[in-house]
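Coordinate inspection notes
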Amino acid sequence: MQCPRCHYELDENANFCPHCGMKIIRCSECHAPNLEEANFCQHCGHKLKVDTPQYQSPYHYQPVRDLYEGEAVDREEINDDMVVDDPNIDHTIHWKKVIMAFLVMILAWGASYYYLATSPKIALANEDGVSIASTFKASKMNEAERLSNLSGSGLIAKSGKYIYMTDDTGYLIRVDENFKHQTEITTEPVNYINAVGDYLYYTNASHQICSYNLKTKEKRTIVTNNSYYVVATKDVIYYQNDSDQESLYAYDIASGVSKKLVNDHVYCINPVGDLIYYTTKNAICAYDTKSGQIALIKQTHAHTLVYNKECLYYVDDNGSLIVLDLKNKTSDTIASGLMGSALINDQYAYSYVGGKGIVRISLSDKKQEYVYKGMIAGYYDYSIIGNNLIVKENGHWVSVNTTNHKKGRLFK
């Protein structure tokens, strides 16, 4: 079982994650682990939190009692004779005071209108939706970005002019490059979205691998095992089979047959040519698909793993972002103080720093800059596509332009 926040391997009976300290909330329906702040189960959609009852006054109606006899008197029995008028109350209407109050209201309204009409307009932040399309236009997603997103929860992919991602409820949708014109594809939460050719591959609420034909709109369940870290290529879909001790499996798309490749706990799958780079509980390894041989790259516990341009990037137990140069067989520390995940493209690494936000780190000179300040739901609840970060903020997806730092909520 994995922690839903940091993906650390947990004991089945664990109540707290020993790595990030998060309290494990189990779904009463399917018993799957969920984030403590989740309202619905990310696996089966079952409601986790019971609605808090509306406040009710502790006071309730009691019959009026006669002060002398002590007997209850029902409201319907009260007549006009029982109502006592206070002689000290002045019932006279003071018209001068009424007219003065009315004039004061007219003067206040006039002054407010003049102020609003002559004052400069207030610039409002764009928090309710994307209004400037050019600010949030998504460019082509490169391979490092795709592998980065799939090392987390895999909640966004791009094919042609369309973006495929989850909405605020976790359902699979299609939007254009400006994150507009939303079209719903599934009515259940999904993960590990892969866009390959004419197909989408993803895992459903039961963690089964499904296919969606972009032309015919046909949906099929192709792998019934509990599947994680799903990465699809043109011919093969690689995945961690949670039903078989988290081993590495390969599903042949043409034949529809799955085959075990590695009998070990496998995470963060990176197919590169004939090799598959991945992490285990204590190492980074490479599997040769032609010879079936496994090579040890480095003995370490890596929380994420992304291949880009003959280098492997990972975050270690100390929160340091490390780069392994596979060609020169050297390593270097790029940054420290991170929270366990990192997104990589050709120029930058992005990582969440708890309580502060998401920092952008230059791969060339290691300079750091916060491009997003705020809290996100979990260490893996953010994705990258071009110069845009897609961040889960207070239960809603927000697009953050890392160039000008403008942001806007994607879905109302």
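Data block above holds the structure.
First, a word on scope: everything that follows refers to the structure included in this document. Since this is a predicted model, take the numbers as computed values, not measurements. (Residues numbered from 1 in each chain as written. Predicted model: local features only at pLDDT ≥ 70, side-chain atom pairs only at ≥ 80, totals over all residues. Heavy atoms only, no water.)

1. Here's the deal with the environment of A144
For clarity, the threshold we go by: Secondary structure elements follow DSSP: runs of H or I no shorter than four residues count as helices, runs of E no shorter than two count as strands, and numbering proceeds from the N terminus. The contact definition used throughout considers only heavy atoms, calling two residues in contact when any of these lie within 4.5 Å.
Relative to the assigned elements, A144 resides in helix α2 (residues 143-151). In this view, A144 contacts V306, Y307, N308, I344 and N345; residues no more than four positions away in its chain are not counted.

2. A short note on the sheet that holds strand β14 (residues 236-241)
The condition that has to hold: Each pair of strands is called paired provided DSSP finds at least two bridges between the two strands. Every axis in this analysis is a line fitted to C-alpha atoms, fitted for helices over the stretch in contact. Angles between the N-to-C directions lie between 0 and 180 degrees.
If you trace the four strands from one edge of the open sheet to the other, you get β13-β14-β15-β16, paired in antiparallel fashion. The strands lining the two open edges of the sheet, one partner per strand, are β13 (227-232) and β16 (257-262). Across the sheet, the axes of successive neighbouring strands diverge by a mean angle of 25°, strand direction being ignored. Pairing of strand β15 (residues 247-252) with β16, which is carried by five bridges, proceeds in the antiparallel orientation. Following the sheet pairing, A250 is matched in β16 by K259.

3. Remarks on the packing of aromatic side chains
In this description, a pair of aromatic rings is defined by centroid distance and the angle of the planes. For clarity, the cut-off: Ring pairs shown here join Phe, Tyr and Trp side chains whose ring centres sit within 6.5 Å, with only the six-membered ring taken for Trp; geometry is labelled stacked below 30 degrees between planes, edge-to-face above 60, and tilted in between. Each residue gets one of three labels from its accessible area relative to the maximum for its type: buried under 20%, exposed over 50%, partly exposed in between, using a 1.4 Å probe on protein chains only. Definition used: whenever NZ (Lys) or CZ (Arg) falls within 6 Å of the ring centre and also within 35 degrees of the ring normal, the charge is taken to sit over that ring.
Scanning all chains against the criterion turns up six aromatic pairs. Taking the centre distance of 6.1 Å and the plane angle of 45° together, the rings of Y192 and Y229 count as tilted. You can see Y192 sitting in strand β9 (residues 191-196) and its partner Y229 sitting in strand β13, a full 37 residues away along the chain. You'll find Y192 and Y229 in the same group, each marked buried. Note on Y199 and Y201: the rings are 5.9 Å apart at their centroids and 15° apart in plane angle, and the pair reads as stacked. Take Y199: its relative accessible area is 33%, and that puts it in the partly exposed class. An aromatic cluster is built from Y192, Y229 and Y267, whose rings are joined through pairwise contacts. One Lys or Arg, R174, reaches over the ring of Y162 and ends 4.1 Å from the middle of that ring. Here the guanidinium or amino end of R360 rests over the ring plane of Y348, the centre of that ring lying 4.3 Å away.

4. Quick notes on the environment of R409
The condition is simple: Polar contacts, as used here, are pairs of N or O atoms within 3.5 Å; protein pairs need one atom able to donate a hydrogen and one able to accept it. Residues neighboring in sequence count only if both atoms are side-chain atoms.
Secondary-structure assignment places R409 in strand β32 (residues 407-409). Sequence separation between R409 and S399 is ten residues, and the spatial gap between their C-alpha atoms is 6.4 Å. A polar contact of 2.8 Å, which involves the side chain of R409, links it to the backbone oxygen of F411.

5. A closer look at the nonpolar core
Heads up, the rule is: Take the buried Ala, Val, Leu, Ile, Met, Phe, Trp, Tyr and Cys residues and link them wherever side-chain atoms come within 4.5 Å; each set so joined is a nonpolar core.
If you look at the biggest cluster of nonpolar residues, it comprises 57 residues, and the most contacted ones within it are I237, Y238, L248, L261, I269, L321 and I361. When residues no more than four places from it in sequence are discounted, the contact partners of L321 are Y313, Y314, V315, D332, T333, I334, A335, L338, A342, A349 and I361. With 15 residues, the next largest nonpolar core counts Y372, Y379, L389 and V398 among its residues.

6. What about the pattern of salt bridges?
Oppositely charged side chains can pair when the atoms bearing their charge come close. Applied cut-off: Salt-bridge detection follows one rule: a side-chain nitrogen of Lys or Arg within 4 Å of a carboxyl oxygen of Asp or Glu.
On inspection of all chains with the given rule, the structure shows nine salt bridges. Of the charged contacts, one joins K366 and D332 as a salt bridge, the two residues approaching to 2.9 Å between their closest N and O atoms. Of this pair, K366 sits in the loop between β27 (357-362) and β28 (368-373) while D332 sits in strand β24 (residues 330-335); the two residues are 34 residues apart in sequence, bridging distant segments of the chain. Take K366: its relative accessible area is 35%, and that puts it in the partly exposed class.

7. Some remarks on unusual backbone geometry
With a phi angle near 55°, H181 is a residue other than glycine that sits in the positive phi range. Exposure remark for H181: the relative accessible area of 66% places this residue in the exposed category.

8. Here's the deal with empty space enclosed by the protein
Rolled over the atoms, a probe as big as a water molecule pinpoints where empty space is left. The cut-off we apply is this: Grid spacing is 1 Å over the protein atoms alone, the probe is 1.4 Å, and a cavity is where that probe fits but cannot get out, while a pocket is an open set with protein on both sides within 12 Å along at least five of seven lines and lining residues have an atom within 4 Å of a point. Grid points are joined across faces, edges and corners, and a volume is the space filled by probe spheres set on the points. Classes in brief: Ala, Val, Leu, Ile, Met, Phe, Trp, Tyr, Cys and Pro nonpolar; Asp, Glu, Lys and Arg charged; the others, Gly included, polar.
Summed over all chains, the structure comprises one cavity of 30 Å³ or more. Here the largest cavity defines a volume of roughly 50 Å³. Class assignment of the residues belonging to the lining of the largest cavity gives a composition of five nonpolar, five polar and no charged.

9. Brief notes about the environment of V257
When you line up the elements, V257 lands in strand β16. A sequence separation of 34 residues divides V257 from V223, and the C-alpha atoms of the two residues are 9.0 Å apart. Ignoring anything within four residues of it in the chain, the contact list for V257 reads A250, Y251 and D252.

10. Quick look at a nonpolar patch on the surface
Using the following cut-off: Residues enter patches when their relative accessible area tops 30% and they take part in no salt bridge; the joining distance is 9 Å for like charges and 5 Å for the nonpolar side chains Val, Leu, Ile, Met, Phe, Trp and Tyr. Every accessible area reported is derived by Shrake-Rupley at a probe size of 1.4 Å, with residue values counting cover from the shown protein chains alone.
A grouping of W95, V98, I99, M100, F102, L103 and I106 is seen on the molecular surface, where their side chains present a nonpolar patch of about 750 Å² in accessible area. Counting through the fold element by element, I106 comes out in helix α1 (residues 95-118).

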